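# A closer look at the structure
Given next are the chains, with one letter for each unit.
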Amino acid sequence: MAPRRPKAAGAAPARAQPGRRPVLVTGFEPFGGEDINPSWEICRALPAAIGRSPLETLLVPTQFRRAIEVVAEAIERTDPTLVILLGQAGGRACVSVERVAINIDDARIADNAGARPIDEPVAAAGPPAYFATVPIKAMVAAIRDAGIPAEVSNSAGTFVCNHLFYGTLHYLAASGRDARAGFIHVPWLESQAVSRPGEPAMALATMVRGVEAAIAAALATAEDVKMAAGQLD
Ligand code: PCA
């Protein structure tokens, strides 16, 4: 039998570069009667790599439970060094980097599968909350340095975004993986605000630049910077 030839250099896909684990970036399906979700539009517009780290993007169903399963599968498949979850927060004016995920589902509207859990834990045996494991202050500073309004947010809500944020941190903690994870909420796109006069919106290209800056900062920062970004109420 002929010996197998070694694979030619360069035959491997970009994410298989030795020593370069990817960044997994996720966006959600539209929900709540919208026909677009900026979080997925950002994923579609991101470059293939940031610095020398390849990006893997993933569309996540806006469904309790299923969202966590889909992201856990992608983590197993891609072995990311960093997981950045994106979601739409209509009515917010800034790109918001979330500080904390809480162990509660309390849905004001149904998810895309019709589920509407009220005051149920995300994980029955899980801790009350997890903090983001990315450097949130450095990320906010980097987004602002790119000329884009950004803030630290102290609540990712109690719908599917918080659910996925909590579920991902819980999954990573339980699996012993060293990937860091964070959540970024983004405003409505301008097209979504057309029928909502006076409501804040942001252009897609601006959000993309902000998310790129945040990812670059997360990759470059081992220990978060000390910068006041709290709120009084
Ligand atoms: N935003 C919702 C779920 C999906 C999304 O993009 C939320 O903030 O929970």
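Look a little higher up for the structure.
The structure reproduced in this document is the subject of the present report.

Here is what the cut-offs are and how they apply
- Residues numbered from 1 in each chain as written.
- Predicted model: local features only at pLDDT ≥ 70, side-chain atom pairs only at ≥ 80, totals over all residues.
- Heavy atoms only, no water.
- Salt bridge = Lys/Arg side-chain N within 4 Å of Asp/Glu carboxyl O.
- Helix = DSSP H or I, 4+ residues; strand = E, 2+ residues; numbered from the N terminus.
- Buried < 20%, exposed > 50% of the residue type's maximum accessible area, 1.4 Å probe, protein only.
- Expected span 1.5 Å × (residues − 1).
- Core = buried A, V, L, I, M, F, W, Y, C linked by side-chain atoms within 4.5 Å.
- Near = heavy atom within 4 Å.
- Polar contact = N/O pair within 3.5 Å; in protein donor to acceptor, adjacent residues only side chain to side chain.
- Areas by Shrake-Rupley, 256 points an atom, 1.4 Å probe, with all protein chains shown as cover.
- 1 Å grid on protein atoms, 1.4 Å probe; cavity = no way out; pocket = protein on both sides within 12 Å on 5 of 7 lines; lining within 4 Å.
- Sits in = over half its atoms within 2 Å of the grid points.
- Nonpolar A, V, L, I, M, F, W, Y, C, P; charged D, E, K, R; others polar.

### As for the pattern of salt bridges
Following the criterion strictly, the structure yields 9 salt bridges and no others. Between D178 and R21 there is a salt bridge, with its nearest N and O atoms 2.7 Å apart. Residue D178 is located in the loop between α4 (160-175) and β11 (180-186), and its partner R21 is located in the segment before β1 (23-28); the two are separated by 157 residues in the primary sequence. D178 gets classed as exposed once you look at its relative accessible area, which sits at 55%. Notably, a salt bridge pairs E34 with R196, separated by 2.5 Å at the nearest N-O pair. With E34 in the loop between β1 and α1 (38-45) and R196 in the loop between α5 (190-193) and β13 (201-202), the pair connects residues that are 162 residues apart, well separated along the chain. The buried category is assigned to E34, whose relative accessible area is 19%. Look at R196 and you get partly exposed, because its relative accessible area is 23%. Bridged by salt links that share partners, the residues R21, E76, D79, R177 and D178 form one connected network.

### A word on helix α6 (residues 204-220)
Given a rise of 1.5 Å per residue, 17 residues ought to cover 24 Å, and the 24 Å separating the end C-alpha atoms of α6 matches this to within 8%. By the burial criterion, the buried members of α6 are M207, V208, G210, V211, A213, A214, I215, A217 and A218.

### Some remarks on the nonpolar core
If you look at soluble globular proteins, the nonpolar side chains tend to sit buried side by side. Core analysis: the biggest nonpolar cluster contains 66 residues, and I84, M139 and I184 have the highest contact counts within it. With 8 residues, α6 is the largest single contributor of residues to this core.

### Quick look at the site of the ligand
Surrounding the ligand, one finds F28, F31, N37, T62, G87, Q88, F159, V160, C161 and H185. One of the backbone N or O atoms of Q88 is found 2.9 Å from an oxygen atom in the ligand. In the model, an oxygen atom of the ligand is placed 2.9 Å from a nitrogen or oxygen of the H185 side chain. Protein burial of the ligand: of its 270 Å² of free accessible surface, 93% is covered by the chains. Mapping the ligand onto the cavity grids shows that it belongs to the largest cavity. The set of elements that each furnish at least two residues to the shell around the ligand consists of β4 (82-88) and α4. Its residues assigned to classes, the shell around the ligand shows 5 nonpolar, 5 polar and no charged.

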